[in-house]
Amino acid sequence: MAEPVLRFTDRGIYCPAGDFYIDPWRPVDRALITHGHADHARPGHARYLATKAAAPVLRHRLGEITLDTIRYGEPRVIGGATVSFHPAGHVPGSAQIRVEVGGEVWVASGDYKLEQDGLSEPFEPVRCHSFITECTFGLPVFAWDPQAQVAAELNAWWTDSIANGRTPVLGAYSLGKAQRLLSMLDPEIGPILTHGAIETTTQVLRGQGYDLPQTHHVTPDLDIKEHPGALVLAPPAALGSDWMRRFGLVSTGFASGWMRMRGVRRRRASDRGFVISDHADWPALNRAIAETGAENIYATHGYTEIFARWLREDGYNAQVVPTEFGSDDEEDSAA
Amino acid sequence: MKSFAALFNAIDRTTRTKEKTAALTSYLRDVPDVEKLWTVALFTGRRPRRAVTTTQLREWAAERAGLPLWLLEESYPIVGDLAETIALVLPPPKRPADLPLSHWITRLQRLHDLPPEARKDQILDAWDQLDATERLLFNKLITGGFRIGVSQKLMTRAIAAATERDEAEIALRLMGKWRADTTTWHALIEADDPQADASRPYPFYLAYQLDDAPEDLGDPGDWQAEWKWDGIRGQLVLRGGTHHLWSRGEELMTDRFPEFARALDFLPGGTVLDGEVLAWDDGPLPFSTLQKRIGRKTVPKKLLAEAPVVLVAYDLLEHDGQDFRAEPLATRRAQLEALLGQTPPEAPLRLSPPINFANWQALADTRATAREARAEGVMLKRLDSPYLSGRKKGDWWKWKLDPLTIDAVMIYAQQGSGRRANLFTDFTFAVWNGNELVPFTKAYSGLTDEEFRKITAWVRKNTQQKFGPVRQVKSHHVFEIAFEGIHASPRHKSGIALRFPRMSRWRHDKPLSEANSLDDLKALLATYG
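Residues numbered from 1 in each chain as written. Chains lettered and ligands numbered in written order. Predicted model: local features only at pLDDT ≥ 70, side-chain atom pairs only at ≥ 80, totals over all residues. Heavy atoms only, no water.

Attention now moves to the overall build of chain A. Looking only at helices and strands, chain A has seven helices and 19 strands in total. Radius of gyration (C-alpha) of chain A: 20 Å, near the 20 Å computed for a compact globule of 335 residues. If you line up chain A on its principal axes, its C-alpha atoms span 70 × 45 × 30 Å. Residue burial in chain A is summarised as follows: out of 335 residues, 62% are buried. Residue pairs in contact within chain A that sit at least 24 positions apart in sequence constitute 60% of those at least 6 positions apart. Summed over all atoms, the accessible surface of chain A reaches about 12500 Å², with 49% contributed by carbon and sulfur. Computed over 31 positive and 42 negative side-chain charges, the inter-centroid distance for chain A is 2 Å. (Helix = DSSP H or I, 4+ residues; strand = E, 2+ residues; numbered from the N terminus. Rg over C-alpha atoms; globule rule 2.2 N^0.38 Å. Buried < 20%, exposed > 50% of the residue type's maximum accessible area, 1.4 Å probe, protein only. Contact = heavy atoms within 4.5 Å. Areas by Shrake-Rupley, 256 points an atom, 1.4 Å probe, with all protein chains shown as cover. Lys, Arg positive; Asp, Glu negative; His and termini not counted. Charge placed at Lys NZ, Arg CZ, Asp CG, Glu CD.)

This part is about the pattern of salt bridges. Residues and elements named next belong to chain A. Following the criterion strictly, the structure yields 48 salt bridges over all chains and no others. A salt bridge links arginine 98 to glutamate 100; the shortest N-O distance between them is 3.0 Å. Taking the shortest distance from any N to any O, the salt bridge between glutamate 291 and arginine 287 comes out at 3.6 Å. Separated by four residues within a single helix, glutamate 291 and arginine 287 lie in helix α6 (residues 282-292), roughly one turn from each other. Judged by relative accessible area, glutamate 291 falls into the partly exposed class, the value being 32%. In the salt-bridge network here, residues are joined through shared partners; they are Lys113, Glu115, Asp117, Arg180 and Asp278. (Salt bridge = Lys/Arg side-chain N within 4 Å of Asp/Glu carboxyl O.)

Another point: the packing of aromatic side chains. On inspection of all chains with the given rule, the structure shows 29 aromatic pairs over all chains. Relative to tryptophan 396 of chain B, the ring of tyrosine 205 of chain B has its centre 4.8 Å away and its plane inclined at 50 degrees; by these criteria the two rings are tilted. With a gap of 191 residues between them, tyrosine 205 of chain B in strand β1 (residues 205-206) and tryptophan 396 of chain B in strand β13 (residues 396-400) connect regions that are remote in the sequence. Here the aromatic rings of tyrosine 387 of chain B and tryptophan 396 of chain B are separated by 5.6 Å at their centres, their planes lie at 85 degrees, and the arrangement is edge-to-face. Through a chain of ring-to-ring contacts, three or more aromatic side chains come together here, namely Phe137, Phe142, Trp144, Trp258 and Tyr303 of chain A. Lying over the aromatic face of tyrosine 208 of chain B, lysine 393 of chain B brings its terminal NZ or CZ to 4.7 Å of the ring centre. (Phe/Tyr/Trp six-rings, centres within 6.5 Å; stacked < 30°, edge-to-face > 60°. Lys NZ or Arg CZ within 6 Å of the ring centre and 35° of its normal.)

Here we come to helix α8 (residues 116-127) of chain B. Residue and element names in this part refer to chain B. Here α8 spans 17 Å end to end across twelve residues, near enough to the 16 Å set by a 1.5 Å rise per residue. Taken together, the buried positions of α8 are Arg119, Lys120, Ile123, Leu124, Ala126 and Trp127. Buried residues of α8 fall within an arc of 160 degrees about the axis and therefore sit on the same side. In the core, the buried residues of α8 are packed alongside α4 (54-65), α6 (82-89), α7 (101-110) and α9 (132-143). (Expected span 1.5 Å × (residues − 1). Arc of directions from axis to C-beta.)

This part covers the interface of chain B and chain A. Across the contact, 36 residues belong to chain B and 31 residues belong to chain A. Contact between chain B and chain A buries roughly 3300 Å² in total, counting both sides, with carbon and sulfur atoms accounting for 51%. In this structure, aspartate 12 of chain B engages arginine 265 of chain A in a salt bridge whose closest nitrogen and oxygen atoms are separated by 3.8 Å. Taken together, the links from chain B to chain A amount to six residue pairs in polar contact (both at pLDDT 80 or more). Of all the secondary-structure elements, those providing two or more residues to the side of chain B that touches chain A are α1 (2-13), α5 (69-79), α6 and α18 (449-461) of chain B. For the side of chain B that touches chain A, the element with the highest residue contribution is α5 of chain B, accounting for six residues. Partitioning the side of chain B that touches chain A into residue classes produces 14 nonpolar, seven polar and 15 charged. (Buried area = accessible area lost by both parts, 1.4 Å probe. Polar contact = N/O pair within 3.5 Å; in protein donor to acceptor, adjacent residues only side chain to side chain. Nonpolar A, V, L, I, M, F, W, Y, C, P; charged D, E, K, R; others polar.)

Turning to the domain arrangement of chain A, a few remarks are in order. All names here are of chain A. By the assigned domains, chain A splits into domain 1 (7-141 + 279-330) and domain 2 (147-274). Placing the centre of domain 1 and that of domain 2 at their C-alpha centroids yields a distance of 29 Å. The interface is formed by 22 residues belonging to domain 1 together with 21 residues belonging to domain 2. For the pair domain 1 and domain 2, the summed buried surface comes to about 1800 Å²; carbon and sulfur atoms form 59% of the total. Glutamate 115 is paired through a salt bridge with arginine 180; the nearest N and O atoms lie 3.3 Å apart. For the pair domain 1 and domain 2, the number of links is seven residue pairs in polar contact (both at pLDDT 80 or more). Its residues assigned to classes, the side of domain 1 that touches domain 2 comprises nine nonpolar, six polar and seven charged. (Domains from an automatic or database assignment.)

With that settled, consider the confidence of the model for chain B. Per-residue confidence for chain B gives a mean pLDDT of 89; residues scoring 70 or more make up 98%. In the predicted assembly, ipTM is 0.90 and pTM is 0.73. (pLDDT = per-residue confidence, 0-100.)

The next subject is the packing of helix α2 (residues 17-30) of chain B against helix α3 (residues 33-43) of chain B. Residues and elements named next belong to chain B. Remark: α2 packs on α3, axes separated minimally by 9 Å, with the N-to-C direction vectors making an angle of 145 degrees. The segment α2 lies against α3, with Leu24, Tyr27 and Leu28 engaging Glu35, Lys36, Thr39, Val40 and Phe43. Looking at the contact of α2 with α3, its residues break down into five nonpolar, one polar and two charged. (Axes fitted to C-alpha atoms, helices over the stretch in contact; angles between N-to-C directions.)

Take a look at the structure:
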């Protein structure tokens, strides 16, 4: 039997024809990277390939790396394989990776969402024979409200918090989610203050030309009284830490797809949970898979067994990716 | 339903008691009486009689959502709540409406008179008129279990504020076996002289855990000490020729413990005792004996003989028909001793004996022997204190024994549900038996959120085999398991069962080989079982 186009190994997804890996988790010679989140873009590879739009963040996070870039849709021959990167809509610069060997096409989705968030390059369905799909939210209980509706809830919470004498502090992952929230917030309400981790990534993206509202970096000498009506954007780990003390009375919010479940909202012990995710919800996962036209589906990251069973009943040849590696760093991964 | 849903959201969104109380108070001021009554009923665990089964609910919801039933069934343990799972999978309402809570309850109650097919139409019709939060609440009316972080104390305070009445009086009025469909808000809360309910218990006073040295409590002479019994807290109400036994959770346990019918033969009416229900035969029997009686609504004769119970009384709340709670403990105690001093051994009543101690060290020495007395530790109660309600710091302290511990190896892991849906939180632990690891207990709690996140990442990377939701993981991590008691159990593979096992420490410092053995466990069983 011929080698499959892509194979699942203990280093990650491997292409024998091209001798490269996609988002590998152990050091390899050549790594194709879907996007800059820490559980996809790891340090230590000899050579990296990523989209031009993802490159600045990769360099910012991984430092001195040997990084080659590629435009969306541009074909590139690597050994016996032809690869191309296609927008995944997950975060700015994120991609699905299409790999073609001898006329057979596989697509590794990386992380993706279908809703247009106004910043990330919109998701593009790619026809293929085999589709490796994430399914972080692969249960029918996950369905997102439109972004505009969540934006209205966010801004109402901001206004109410200020009216109640509290500074709203919103927790969000520093790459992607934070900038998406920035674009949803109404700067007319007040100034937006950012934690250092978010500020530096935001500056990188702003430098690339992504349109983001003005932010003020929270430095040790910052006096909250000089920024009346401000909202603070911080990584989840900063919520509840000493860093928060400077803001006095606060109302905490957390934005994530997990907030759809009341139990998770309560565990977070935030004052408010906003249901917003950079991953596809149940309807979007199903639509994305249908639009690939693929017969073979490989489910990874999430409720893989349940999702694969559902797909099989729907007529797909669906299976669970055998090695599933969780992220060490919740801070920067799924949600 | 919109105002009730708004109340639910306001309470559910905050962790601050003050904000919850304010939200409930303002709701109670605004809505009509019938809405108030049902709201308070639901928050105290009273719900309309169930007219459809949860199985039917699942089937109808799956059908309406266009999902196979198994997929809904798989989603349910992950969400952790059936009412919520159904609310989340249903498509958006086609005909949104705003009808009050009482309307939906009335409709649910009428379902009893309808044939099954019509019941289904009614439920589907309701789902079509309610938004996501309202649906969750509507489903909860059927499935029960309104756990939304409203304590009895919080609710009492809100009602008192909204009606400008005394908190203690409201607390008393809410106790007992009232039903929303047979009373009114006026009769329950406002009526000047409500028919005194012969069964109505007093709110329990709950002790705090003593974490500091007892020396901080001051002069030992100000305190009464007694065993902290390992049974079920119970309040025995004797009034007007009837007897009622209440649990701390305000559940009526009268039928489960028929022994207490005889209490009326030995004590006068107008007596209310607070104490501990214990399996007893010339002394306390192990908790595992009492356990045979828990959860049984009817008790076979054989079991009555095998596991007889008594109330070990430690407080007198009503005497001669008068509320006795404001009297100092010393007075209540003297009266209690006078009442129980005369009762013969066949009475299902015992006095919880005081522990005499000259100084704190002497008490500490006695406490160290608690397991031999089949107690969990000692209780300290201030002699001049009244009987308060709820958990209030200062007058009652429980000074429990340090738990027993054993170091064990984690061998299986399972994801949690509800609050802990995306974490591995349910673990099985094993001890060595020669070269083999023998599972002996599960534990779910004791780790910090941060530790749960760490172990979750580790489990994902170190799964060796999956059995449905259960993952066999590499034998690597050693945890200290703390527990309150140990007893032989033929139902468990290891032959041993623990009480309240939890992970007290993650022993990063211990290699696998230094985990305890089955022999160590057996030695504990021999000493404490």
